[in-house]
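Structural features, examined
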Amino acid sequence: MDRILPSDEAYELLGLTRELADGELTPRAARYEERGEFPREVLRTIGAAGLLGLPYAEADGGGGQPYEVYLQVLEILAGSWLAIAESVSVHTLSCYPIATHGSERQRKLLPDLLGGDLLGAYCLSEPQGGSDAASLTTRARRDGDDWIVRGTKAWITHGGQADFYNVFCRTGGPGAAGISCLFVDADTPGLLPQLPERTMGLRATAPAQVVLDDARVAGERLVGEEGSGFRIAMDALDAGRLGIAACAVGLGQAALDYAVAYAREREQFGKPIGDFQGIGFMLADMATQVSAARALMLAAARLKDAGRPFRIEAAKAKLFATDVAMQVTTDAVQVLGGYGYVSDNPVERWFREAKVLQIVEGTNQIQRMVISRSLTRP
Ligand SMILES: Cc1cc2nc3c(=O)[nH]c(=O)nc-3n(C[C@H](O)[C@H](O)[C@H](O)COP(=O)(O)OP(=O)(O)OC[C@H]3O[C@@H](n4cnc5c(N)ncnc54)[C@H](O)[C@@H]3O)c2cc1C
């Protein structure tokens, strides 16, 4: 696919990512997903290549890349192995609170967070509520200079694997204004990750509950002002949703490419099935949808790179790209017929994986809510 990138460095970066994806990810994906094995070593390789801090400033130890370039890197990773792309996206999200709201002292941690050795987790959801995040109940109370944190976080990607956890918890009264963000080290006594969930897809990086059983966290680990946690969480998600859109575009492109290759080879009634209009038009629709999703994602990213508001465009990109990924992976299974329904071909895994993209970082109903509110209550 022909891409127009903003710099020679970006072309090199995408070339390097493609090599890494083909050499390190594609050969491993099916095996790790089947075994549900967390790919820590693969993520170390990704980190060593500088891909775990791409959109953050070089002065802080990041890659100094525009968001539009970072997203296209994610897209390539997702086309090889969605779990790795999602992992990179979640880690990038986890660095956001300190990078944007951290104190001078906290920002000194950034080179370690962005350098590629450490892995972060973002803990917003709880068992009783994901969409209505402002009603979260995990509570942190003061004890001298420290916070004592009690509650349960749910669906935490990297739960049990992360080196640090951004824990959004209630330090004040009800609603969004009572929520703060704490930066918690993995070895904090009382931070207790549970066993990974048994998921439909993304089994290599299956999320886990994280119980906070009176975990003691130093007062200086509060990120931003007390009561600003919800705003930090939502701002982080605006950028994170573009990461999920990129994962969806990459997955959709992979499913399209696979279906096209199959339709050229597979013959029925004496000719390649791609020559039947019923299949050819399906492929044409898939290609158009993937291109449209990428265009929407890049348009939102370019607004962000220009320092312009991008929340609504990010919500549209997440909504559209993830619905496209679901449709395109479904169609790819159809193009392969019975062979699409068995694990000998990756399309059945991609079909299962696409579903989660419509759920994470705000379900697609929540994206529609964000978009419709901007129209009716501007
Ligand atoms: C694999 C995976 C990884 C995840 N990783 C993380 C992570 O790292 N960190 C984290 O904090 N969370 C994570 N999540 C949680 C995810 O963000 C939530 O699952 C999601 O926000 C939905 O919350 P819920 O599951 O509680 O569903 P609910 O909020 O209970 O929603 C149930 C259904 O109701 C719909 N709904 C809810 N409210 C409305 C409304 N107002 N209007 C219309 N429909 C509505 C939803 O769209 C959904 O269809 C992960 C989830 C999964 C599956």
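Conventions and cut-offs
- Residues numbered from 1 in each chain as written.
- Predicted model: local features only at pLDDT ≥ 70, side-chain atom pairs only at ≥ 80, totals over all residues.
- Heavy atoms only, no water.
- Helix = DSSP H or I, 4+ residues; strand = E, 2+ residues; numbered from the N terminus.
- Rg over C-alpha atoms; globule rule 2.2 N^0.38 Å.
- Buried < 20%, exposed > 50% of the residue type's maximum accessible area, 1.4 Å probe, protein only.
- Contact = heavy atoms within 4.5 Å.
- Axes fitted to C-alpha atoms, helices over the stretch in contact; angles between N-to-C directions.
- Parallel < 35°, antiparallel > 145°, perpendicular 65-115°, else oblique.
- Left-handed = near helix turned anticlockwise from the far one by under 90°.
- Nonpolar A, V, L, I, M, F, W, Y, C, P; charged D, E, K, R; others polar.
- Polar contact = N/O pair within 3.5 Å; in protein donor to acceptor, adjacent residues only side chain to side chain.
- Pairing = 2+ DSSP bridges.
- Near = heavy atom within 4 Å.
- Areas by Shrake-Rupley, 256 points an atom, 1.4 Å probe, with all protein chains shown as cover.
- Salt bridge = Lys/Arg side-chain N within 4 Å of Asp/Glu carboxyl O.
- Phe/Tyr/Trp six-rings, centres within 6.5 Å; stacked < 30°, edge-to-face > 60°.
- Lys NZ or Arg CZ within 6 Å of the ring centre and 35° of its normal.

Further remarks concern the overall build of the chain. Summing up its helical and strand segments, the chain has 11 helices and 10 strands in all. Against the globule reference of 21 Å for 378 residues, the chain gives a C-alpha radius of gyration of 21 Å, in line with a compact fold. When the backbone C-alpha atoms are referred to their principal axes, the chain occupies close to 80 × 45 × 40 Å. Burial statistics for the chain: of 378 residues in total, 53% are counted as buried. For the chain, contacts bridging at least 24 residues in sequence account for 73% of all contacts bridging at least 6.

Right, let's talk about unusual backbone geometry for a bit. A positive phi is found at His 158, a non-glycine position, where the angle reads about 75°. Note on placement: His 158 falls in the loop between strand 3 (146-156) and strand 4 (164-170). Within the chain, Glu 361 stands out as a residue other than glycine whose phi angle is a positive 55°. Relative to the elements of secondary structure, Glu 361 occurs in the loop between helix 10 (347-357) and helix 11 (364-376). Residue Glu 361 is classed as buried on the basis of its relative accessible area, which comes to 12%.

For the pair helix 8 (residues 277-305) and helix 9 (residues 311-336), interaxial distance at closest approach is 9 Å and the crossing angle is 160°. Taken together, the axes of helix 8 and helix 9 are roughly antiparallel relative to one another. For the crossing formed where helix 8 meets helix 9, the hand is left-handed. Between helix 8, through Ile 279, Met 282, Leu 283, Met 286, Gln 289, Val 290, Ala 292, Ala 293, Leu 296, Met 297, Ala 300 and Leu 303, and helix 9, the contact on the second element is made entirely by Glu 313, Ala 314, Lys 316, Ala 317, Phe 320, Ala 321, Val 324, Val 328, Asp 331, Ala 332, Gln 334 and Val 335. Taken together, the residues that form the contact of helix 8 with helix 9 break down as 19 nonpolar, two polar and three charged.

Turning our attention to the side chain of Ser 180. Structurally, Ser 180 is set in strand 5 (residues 179-185). The class for Ser 180 is buried, based on a relative accessible area of 0%. Only 2.6 Å separates the side chain of Ser 180 from the side chain of Thr 171, close enough to count as a polar contact. A polar contact is formed between the side chain of Ser 180 and the backbone nitrogen of Gly 227, at a distance of 2.9 Å.

Right, let's talk about the pairing of strand 5 for a bit. Counting buried residues in strand 5 gives six out of seven residues, a clear majority hidden from the surface. As paired strands, strand 5 and strand 8 (residues 222-223) are joined by two bridges and run antiparallel to one another. The residue bridging Cys 181 from the neighbouring strand is Val 223, located in strand 8.

This part is about the site of the ligand. Close to the ligand lie 17 residues, the nearest being Ser 125, Ser 131, Trp 155, Thr 363 and Gln 365. Take Ser 125: an N or O atom from its side chain is 2.7 Å from a nitrogen atom of the ligand. One of the side-chain nitrogen or oxygen atoms of Thr 363 is found 2.6 Å away from an oxygen atom of the ligand. Against a free-state accessible area of 980 Å², the protein chains account for coverage of 66% of the ligand. Within the residue set of the shell around the ligand, elements represented by two or more residues are strand 3 and helix 11.

The next point concerns the pattern of salt bridges. Counted under the stated rule, the structure contains 22 salt bridges. Residues Arg 302 and Glu 68 are paired through a salt bridge, measuring 2.9 Å at the closest nitrogen-oxygen approach. On the criterion of sequence distance, the pair formed by Arg 302 in helix 8 and Glu 68 in helix 3 (residues 67-80) is long-range, its members being 234 residues apart. For Glu 68, a relative accessible area of 10% corresponds to the buried category.

Mapped onto the fold, Thr 157 is located in the loop between strand 3 and strand 4. Among residues more than four places away in sequence, those in contact with Thr 157 are Glu 86, Val 90, Ala 121, Thr 205 and Pro 207.

Along helix 10, eight of the 11 residues are buried, which leaves the element largely enclosed by surrounding structure. Taken together, the buried positions of helix 10 are Val 347, Glu 348, Arg 349, Trp 350, Arg 352, Glu 353, Ala 354 and Leu 357. Contacts from the buried residues of helix 10 go to helix 1 (8-35), helix 3, helix 4 (82-101), helix 7 (229-265), helix 9 and helix 11.

What follows covers the environment of Tyr 56. Tracing the backbone through its elements, the reader meets Tyr 56 in the loop between helix 2 (40-48) and helix 3. Residue Tyr 56 is classed as buried on the basis of its relative accessible area of 11%. If we ignore the near neighbours within four places in the chain, the residues touching Tyr 56 are Gly 62, Gly 63, Gly 64, Thr 92, Cys 95, Tyr 96, Ala 99 and Leu 114. A polar contact of 2.5 Å, which involves the side chain of Tyr 56, links it to the backbone oxygen of Thr 92.

What follows deals with the packing of aromatic side chains. In the structure shown here, the tally under the stated rule is six aromatic pairs. Geometrically, the ring pair formed by Tyr 32 and Trp 81 is edge-to-face, given 5.4 Å between the ring centres and 65° between the ring planes. A residue pair is termed long-range when its members are at least 10 positions apart, and Tyr 32 in helix 1 and Trp 81 in the loop between helix 3 and helix 4 qualify at 49 residues. Residue Tyr 32 is classed as buried on the basis of its relative accessible area, which comes to 11%. Judged by centre distance (5.2 Å) and plane angle (25°), the ring pair of Phe 164 and Phe 183 falls under stacked. Here Phe 164 is found in strand 4, whereas its partner Phe 183 is found in strand 5, with 19 residues between them in sequence. The class for Phe 164 is buried, based on a relative accessible area of 2%. The buried category is assigned to Phe 183, whose relative accessible area is 3%. A cation over a ring is seen here: Arg 35 above Tyr 32, with NZ or CZ 5.8 Å from the ring centre. A cation over a ring is seen here: Lys 304 above Tyr 67, with NZ or CZ 4.8 Å from the ring centre.

Function cannot be read off these values alone, since they describe shape.
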